[in-house]
Amino acid sequence: MVVWTDFERATITDIFSKLDYEAVGGATLARCLIVYPWTQRYFGNFGNLYNAAAILGNPMIAKHGTTILHGLDRAVKNMDNIKATYAELSVLHSEKLHVDPDNFKLLSDCLTIVVAAQLGKDFTGEVQAAFQKFLAVVVSALGRQYH
Amino acid sequence: MSLSAKDKDTVKVFWAKVADKVEEVGSDALSRMLAVYPQTKTYFSHWKDLSPGSAPVNKHGKTVMLGVGQAVACIDDLNAGLLTLSELHAFTLRVDPANFKILSHCLLVVLSIKFPNDFTPEVHVSLDKFLAALSRALSEKYR
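Residues numbered from 1 in each chain as written. Chains lettered and ligands numbered in written order. Predicted model: local features only at pLDDT ≥ 70, side-chain atom pairs only at ≥ 80, totals over all residues. Heavy atoms only, no water.

## A closer look at the overall build of chain A
Here's step 1: Looking only at helices and strands, chain A features eight helices and zero strands.
Here's step 2: Whereas a compact globule of 147 residues would reach a radius of gyration of roughly 15 Å, chain A reaches 15 Å, a difference of no more than 12%.
Here's step 3: For chain A, the spread of C-alpha atoms along the three principal axes comes to 45 × 40 × 20 Å.
Here's step 4: Considering chain A as a whole, with its 147 residues, one finds that 50% of them fall into the buried category.
Here's step 5: The long-range fraction of contacts in chain A, counting pairs at least 24 apart against all pairs at least 6 apart in sequence, stands at 73%.
Here's step 6: Accessible surface, chain A as shown: approximately 7,500 Å² in total, 57% of it carbon and sulfur. (Helix = DSSP H or I, 4+ residues; strand = E, 2+ residues; numbered from the N terminus. Rg over C-alpha atoms; globule rule 2.2 N^0.38 Å. Buried < 20%, exposed > 50% of the residue type's maximum accessible area, 1.4 Å probe, protein only. Contact = heavy atoms within 4.5 Å. Areas by Shrake-Rupley, 256 points an atom, 1.4 Å probe, with all protein chains shown as cover.)

## Considering the environment of Asp 77 of chain B
All names here are of chain B.
Here's step 1: By the secondary structure assignment, Asp 77 is in the loop between α3 (55-73) and α4 (78-81).
Here's step 2: Given the relative accessible area of 44%, Asp 77 is considered partly exposed.
Here's step 3: The spatial distance from the C-alpha of Asp 77 to the C-alpha of Ala 137 is 9.2 Å, given a sequence separation of 60 residues.

## Topic: the confidence of the model for chain B
Here's step 1: Looking at chain B as a whole, its pLDDT mean stands at 96, while 100% of the residues score no less than 70.
Here's step 2: Model confidence for the complex is summarised by a pTM of 0.92, with the ipTM given as 0.87. (pLDDT = per-residue confidence, 0-100.)

## Notes on the nonpolar core
Here's step 1: If you look at the biggest cluster of nonpolar residues, it comprises 77 residues, and the most contacted ones within it are Phe 16, Phe 123 and Phe 134 of chain A together with Phe 130 of chain B.
Here's step 2: Tallying contributions element by element places helix α6 (residues 98-114) of chain B first for this core, with ten residues.
Here's step 3: For Phe 130 of chain B, the residues in contact, after removing those within four places along its chain, are Leu 3, Val 11, Val 68, Ala 71, Val 72, Ile 75 and Leu 78 of chain B.
Here's step 4: With 17 residues, the next largest nonpolar core counts Ala 30, Ile 61, Leu 106 and Cys 110 of chain A among its residues. (Core = buried A, V, L, I, M, F, W, Y, C linked by side-chain atoms within 4.5 Å.)

## What about the interface of chain A and chain B?
Here's step 1: With 20 residues of chain A in contact, the opposing surface of chain B contributes 19 residues.
Here's step 2: Counting every contact that joins chain A to chain B gives zero salt bridges.
Here's step 3: Where chain A touches chain B, the interface holds eight residue pairs in polar contact (both at pLDDT 80 or more).
Here's step 4: At the level of secondary structure, the elements contributing two or more residues to the side of chain A that touches chain B comprise α2 (21-35), α3 (52-57), α7 (102-119) and α8 (125-143) of chain A.
Here's step 5: Counting residues per element, the side of chain A that touches chain B draws most heavily on α7 of chain A, which supplies five residues. (Salt bridge = Lys/Arg side-chain N within 4 Å of Asp/Glu carboxyl O. Polar contact = N/O pair within 3.5 Å; in protein donor to acceptor, adjacent residues only side chain to side chain.)

## Quick look at the layout of surface pockets
Here's step 1: What the largest pocket holds in volume is close to 890 Å³.
Here's step 2: Taken together, 38 residues make up the lining of the largest pocket; nearest its centre are Val 35, Tyr 36 and Trp 38 of chain A together with Asp 128 and Ala 132 of chain B.
Here's step 3: Counting residues per element, the ones that place at least two in the lining of the largest pocket are α2, α3 and α7 of chain A together with α1 (5-18), α6 and α7 (121-139) of chain B.
Here's step 4: Among the elements that take part in the lining of the largest pocket, α7 of chain B stands out by supplying nine residues, more than any other. (1 Å grid on protein atoms, 1.4 Å probe; cavity = no way out; pocket = protein on both sides within 12 Å on 5 of 7 lines; lining within 4 Å. Points joined across faces, edges and corners; volume = space filled by probe spheres on them.)

## What about helix α4 (residues 59-77) of chain A?
Residues and elements named next belong to chain A.
Here's step 1: Here α4 spans 27 Å end to end across 19 residues, near enough to the 27 Å set by a 1.5 Å rise per residue.
Here's step 2: All of the buried residues in α4 are Ile 61, Gly 65, Thr 66, Leu 69, Gly 71, Leu 72, Asp 73, Ala 75 and Val 76.
Here's step 3: Sitting at the head of α4, Asn 58 places a side-chain oxygen 2.8 Å from the backbone nitrogen of Met 60. (Expected span 1.5 Å × (residues − 1).)

## Concerning the packing of aromatic side chains
Here's step 1: In the structure shown here, the tally under the stated rule is twelve aromatic pairs over all chains.
Here's step 2: With centroids separated by 6.0 Å and ring planes inclined at 80°, the aromatic side chains of Phe 123 of chain A and Phe 131 of chain A adopt a geometry described as edge-to-face. Comparing Phe 123 of chain A with Phe 131 of chain A shows no difference in burial state: the two are buried.
Here's step 3: Taking the centre distance of 6.4 Å and the plane angle of 90° together, the rings of Phe 100 of chain B and Tyr 142 of chain B count as edge-to-face. Here Phe 100 of chain B is found in helix α6, whereas its partner Tyr 142 of chain B is found in the segment after α7, with 42 residues between them in sequence.
Here's step 4: Judged by its relative accessible area of 24%, Tyr 142 of chain B is partly exposed.
Here's step 5: By the ring-pair criterion, three or more aromatic residues cluster together here, those being Trp 4, Phe 16, Tyr 21, Phe 123, Phe 131 and Phe 134 of chain A. (Phe/Tyr/Trp six-rings, centres within 6.5 Å; stacked < 30°, edge-to-face > 60°.)

Structural data, given as structure tokens:
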């Protein structure tokens, strides 16, 4: 059972209300594919991922980044029940997509960095702690159904 | 995952921009680490004040960043250049090397905040590789 403080709930809701899901999602996924190039293994049919410029300009990546952010939104709206909310997504990532769960952490680190750039000095240490706690819960829930 | 010539250039060019904000960046990175990863506070039980912006945090943040600067200067042979620091961390400080990754992440977050336009994905990957190489060199003498 995850216990959220009032500060953590307010912080997570506040951060996501300020994010442009398309811009942040696309930028985050692109950054992940550039910084951790082995993650490209899951995007074989996404077209040109040949270099950073290609990845940053790739519309399929941008679209998929948005999908991911909307997926996170479901966790924001169900903070007291993330494990159950993500049960199906976890099965999908394990059984159908065969994603190594270590990749969830890589993507969440990239998201932290993109959000930090957007929020600037508002992204204080306390805010970062709340955000990373939320992402850790998400990552754990996504890995839950793997066997 | 060794550093290419391009990685080294990217790191040197970017670090030149950070050079005059060394205390600010170091203090912020360290404060964040203590807030986001509370287990790291165990290494600083001898400090009176662990709050962000406190004197010991500022001083130590600057010390750590000067160490990173030293690594940038010896980027062509990190093991040789960081030998003394590695011995210090191995035999005296005995910091668990897992924490190097944690501090590296916090440093990248600070750089992303302070240099939003310069900290592009290409700069990010070179810096991430550099910090990983630095961490390896720092762990050289552990066992």
